[in-house]
Amino acid sequence: MNGQFDEGITLDRFIYETTRAHPTATGQFATLLRQLSLAARLVSNRVNRAGLAGMLGGTGDVNVQGEFVQKLDIYANETIKRALEHAGCVCAMASEEDEGPYFVPERFYSGRYVFHMDPLDGSSNIDVNATIGTIFAIYRRRSEEGTPATLDDVLRPGRDIVAAGYVIYGSGTIIVLATDAGVQGFTLDPALGEFFLSHPDIRLQPEARTKTYSVNEGYAASWPPGLREYVESLKAPGAGWRSRYIGSLVADFHRNLITGGVFLYPATKKNPSGKLRVLFEAFPLAYVVEKAGGAATDGRRRILDIEPTHLHQRTPLFIGNRVHVEDITRVLAEAGA
Ligand code: AHM
Ligand code: MG
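Predicted, not measured: the structure shown is a model, and the values here were computed from it. (Residues numbered from 1 in each chain as written. Chains lettered and ligands numbered in written order. Predicted model: local features only at pLDDT ≥ 70, side-chain atom pairs only at ≥ 80, totals over all residues. Heavy atoms only, no water.)

**Things to note about the coordination of the magnesium ion (ligand 2)**
So, point 1. At this site the magnesium ion (ligand 2) is bound by Asp118 (OD), Asp121 (OD) and Glu281 (OE), with donor distances of 1.9 to 2.1 Å.
So, point 2. Written as a sequence motif, the donor residues of the magnesium ion (ligand 2) are D-x2-D-x159-E. Taken together, the residues Asp121 in strand 5 (residues 113–121) and Glu281 in helix 8 (residues 278–291) connect sequence positions 160 residues apart. The exposure classification of Asp121 matches that of Glu281, with both residues buried. (Donors = N, O, S within 2.8 Å, 3.2 Å for Na, K, Ca; no water. Helix = DSSP H or I, 4+ residues; strand = E, 2+ residues; numbered from the N terminus. Buried < 20%, exposed > 50% of the residue type's maximum accessible area, 1.4 Å probe, protein only.)

Next up, the structure:
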């Protein structure tokens, strides 16, 4: 027999086989991933039809970050929360779109996991049809299952993450999932509504073949000392680097994960603590990159070791192939940044 049924590994099958291997598995983690994949299909469908469904453009509101809220931001945020809250697998969620944590209402079972997300990263790109995505991280709660969760369950260092990844809505829809079993990518077959394993065991390319840098050079005048010289050195004759920047973190990150390279979002005068969010963007992607053999720092320390003090904390981010991240971190230290 030929065809996807006997040749393809579905996301469901992957979840079943990897969680079955865990002796203490209760099924909640598998449920969480299944519900997340349902939400991903709903959001993907809405993103693809946005121009037809009147979903382009802003709501007229400004979010807790001071940014314009897009209609699709709200749709993704609500859809993912609704898909997870009733399923008995999470106790709390936190989102870039919500000011405070969202504790699962009492009428639902307060499950074992905490879920963090940027429901629609890159949303300023929606109206120009560029790639956007959902970034997420999953933690095991600290407090006892079945009891109400607390802020202590939600506000955690990234090294506590048990799984993380993203859904990317590009020319195809792909879920990239990082766990202790490594990093896997599953592509949605839109006709079947099913995710199939398309990128098994993603590892970053060897350093020598990965000369891509991604940074918004429009801000170069306000970068920290040393960074401008570093980026100039990449452009020297014979250095062999190329530049790629979409302005949608999830898309820039995904490209670099597949082809290798380094993404930089330093502190700037406008954003002295960086622009990207520790919990919703930096932690999940730092977890993914480390599982793929790479590294992520804020210019001084490992991203996953940051102890966040508030939900919407921001950070500079240097992420990608280990050698490049180490070079940047050293350059910044030497310049006293
Ligand atoms: P968002 O989460 O509100 O979409 O903002 C984050 C985005 C990232 O996806 C991207 O890397 C960055 O902002 C781009 O910022 P800039 O336009 O300053 O280069
Ligand atoms: Mg974002």
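Additional details are given in the paragraphs that follow.
**Quick look at the packing of helix 3 (residues 28–48) against helix 4 (residues 71–85)**
So, point 1. Here helix 3 crosses helix 4 at 155°, and the two axes come no closer than 9 Å. By the angle class used here, helix 3 and helix 4 are roughly antiparallel. In terms of crossing hand, the pair formed by helix 3 and helix 4 is right-handed. Judged by residue contacts, Leu32, Gln35, Leu36, Ala39, Leu42, Val43, Arg46 and Val47 of helix 3 engage Leu72, Tyr75, Ala76, Thr79, Ile80, Ala83 and Leu84 from helix 4.
So, point 2. Here the residues of the contact of helix 3 with helix 4 are counted per class, giving 12 nonpolar, two polar and one charged. (Axes fitted to C-alpha atoms, helices over the stretch in contact; angles between N-to-C directions. Parallel < 35°, antiparallel > 145°, perpendicular 65-115°, else oblique. Left-handed = near helix turned anticlockwise from the far one by under 90°. Contact = heavy atoms within 4.5 Å. Nonpolar A, V, L, I, M, F, W, Y, C, P; charged D, E, K, R; others polar.)

**A short note on the sheet that holds strand 17 (residues 317–320)**
So, point 1. Strand order in the open sheet formed by five strands is 12-11-13-17-15, and the pairing between neighbours is mixed. Two strands in the sheet have a free side with no partner beyond their single neighbour: strand 12 (242–243) and strand 15 (295–297).
So, point 2. Both strand 13 (residues 262–265) and strand 17 contribute to a ladder of four bridges, which runs antiparallel. When the sheet's bridge partners are listed, Phe263 is paired in strand 17 with Ile319.
So, point 3. The strands touched by helix 9 (residues 322–334) are strand 13, strand 15 and strand 17; relative to strand 17, the strand with the most contacts, the crossing angle is about 155°. (Pairing = 2+ DSSP bridges.)

**A short note on the sheet that holds strand 10 (residues 194–199)**
So, point 1. Taking strand neighbours across the sheet as the criterion, the eight strands line up as 4-3-5-6-7-8-9-10 in an open arrangement whose pairing is mixed. Because the sheet does not close on itself, it has two edges, and the strands there are strand 4 (102–103) and strand 10.
So, point 2. For strand 9 (residues 182–189) and strand 10, the ladder comprises five bridges, and the chain directions are antiparallel. Residue pairing in the sheet places Leu188 in a bridge with Phe195 of strand 10.
So, point 3. Sheet strands touched by helix 4: strand 3 (90–95), strand 4, strand 5 and strand 6 (132–140). Its angle to strand 5, the strand with the most contacts, is close to 160°.

**Focus on the pattern of salt bridges**
So, point 1. Going through the model one piece at a time under the given rule, you end up with 23 salt bridges.
So, point 2. The partner of Glu96 in a salt bridge is Arg277, with the nearest N and O atoms 3.3 Å apart. Here Arg277 lies in strand 14 (residues 276–277) and Glu96 lies in the loop between strand 3 and strand 4, a separation of 181 residues in the sequence. Each member of the pair, Glu96 as well as Arg277, is classed as buried.
So, point 3. What emerges from the salt-bridge pattern is a single network uniting Glu78, Lys81, Arg82, Glu85 and Asp98. (Salt bridge = Lys/Arg side-chain N within 4 Å of Asp/Glu carboxyl O.)

**Concerning helix 6 (residues 227–234)**
So, point 1. Those residues of helix 6 that fall on the buried side of the exposure criterion are Leu227, Tyr230, Val231 and Leu234. Looking straight down helix 6, one finds its buried side chains confined to an arc of 90°; they lie on one side.
So, point 2. Elements that come into contact with the buried residues of helix 6 comprise strand 11 (212–214), strand 13, strand 17 and helix 9. (Arc of directions from axis to C-beta.)

**Thoughts on the site of ligand 1**
So, point 1. The environment of ligand 1 is formed by 18 residues, the closest being Gly122, Tyr219, Tyr245, Leu249 and Tyr265.
So, point 2. Between Ser123 and ligand 1, the recorded distance is 3.2 Å, taken from a backbone N or O atom to an oxygen atom.
So, point 3. Within the backbone of Leu249, one N or O atom sits 2.7 Å away from an oxygen atom of ligand 1.
So, point 4. Compared with its free state, where it exposes 470 Å², ligand 1 has 88% of that area covered by protein.
So, point 5. Going through the elements one at a time, strand 5, strand 13 and strand 14 are the ones with two or more residues in the shell around ligand 1.
So, point 6. Taken together, the residues that form the shell around ligand 1 break down as six nonpolar, five polar and seven charged.
So, point 7. When residues of the shell around ligand 1 are sorted by domain, at least three fall in each of domain 1 (11–199) and domain 2 (212–334). (Near = heavy atom within 4 Å. Polar contact = N/O pair within 3.5 Å; in protein donor to acceptor, adjacent residues only side chain to side chain. Areas by Shrake-Rupley, 256 points an atom, 1.4 Å probe, with all protein chains shown as cover. Domains from an automatic or database assignment.)

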